[in-house]
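# Examination of the molecular architecture
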Amino acid sequence: MAREQVIEIVAEMVANVLSIAVAPGDPVAVGDTVVLLESMKMEIPVILEAPGTVRAVRVAPGDVVQEGDVLVEITA
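Only a predicted model underlies this, so the values are computations on that prediction, with no experimental measurement involved.

Glancing now at the sheet that holds strand 4 (residues 33-39). Taken in spatial order, the 4 strands line up as 5-4-2-7 in an open sheet, and their pairing is antiparallel. Taken across any chain shown, the strands that pair with only one partner, and hence form the sheet edges, are strand 5 (42-47) and strand 7 (64-65). The pairing of strand 2 (residues 15-20) with strand 7 spans 2 bridges and is classified as antiparallel. Bridged to asparagine 16 within strand 7 is valine 64.

Looking now at the pattern of salt bridges. Tallied over the full model, the rule gives 2 salt bridges. For glutamate 73, the salt bridge identified is with arginine 55, shortest N-O distance 3.5 Å. Separated by 18 residues along the polypeptide, glutamate 73 in strand 8 (residues 70-75) and arginine 55 in strand 6 (residues 52-57) bring together distant segments of the chain. Classification of glutamate 73 by relative accessible area gives buried; the value is 9%. The partner of glutamate 73 in a salt bridge is arginine 58, and the shortest N-O contact between them spans 3.3 Å. Of this pair, glutamate 73 sits in strand 8 while arginine 58 sits in the loop between strand 6 and strand 7, and the two are 15 residues apart along the sequence. A network of salt bridges, in which partner residues are shared, links Arg55, Arg58 and Glu73.

Definitions and limits used
Residues numbered from 1 in each chain as written. Predicted model: local features only at pLDDT ≥ 70, side-chain atom pairs only at ≥ 80, totals over all residues. Heavy atoms only, no water. Pairing = 2+ DSSP bridges. Helix = DSSP H or I, 4+ residues; strand = E, 2+ residues; numbered from the N terminus. Salt bridge = Lys/Arg side-chain N within 4 Å of Asp/Glu carboxyl O. Buried < 20%, exposed > 50% of the residue type's maximum accessible area, 1.4 Å probe, protein only.

Structure representation (structure tokens):
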């Protein structure tokens with residue numbers, strides 16, 4: 001039995017979490033926006049580069065994230 005691969009989607013910069021576009025169990029595709037961040041008055045969508053299923057959402061709107069913080073976990 002093959003183990004599922006977990007992909008961690010991480011913040012690339014210090015930012016505020018504006019909104020979450022997915023929930024655990026949601027199927028996601030390449031190009032889907034999973035989180036909307038805000039930094040220096042700019043909105044930055046976090047876009048998937050691989051398909052899968054949302055395993056966990058690790059942030060909430062209003063959170064401040066640091067570079068490298070896990071935002072969402074996806075299973076492939």
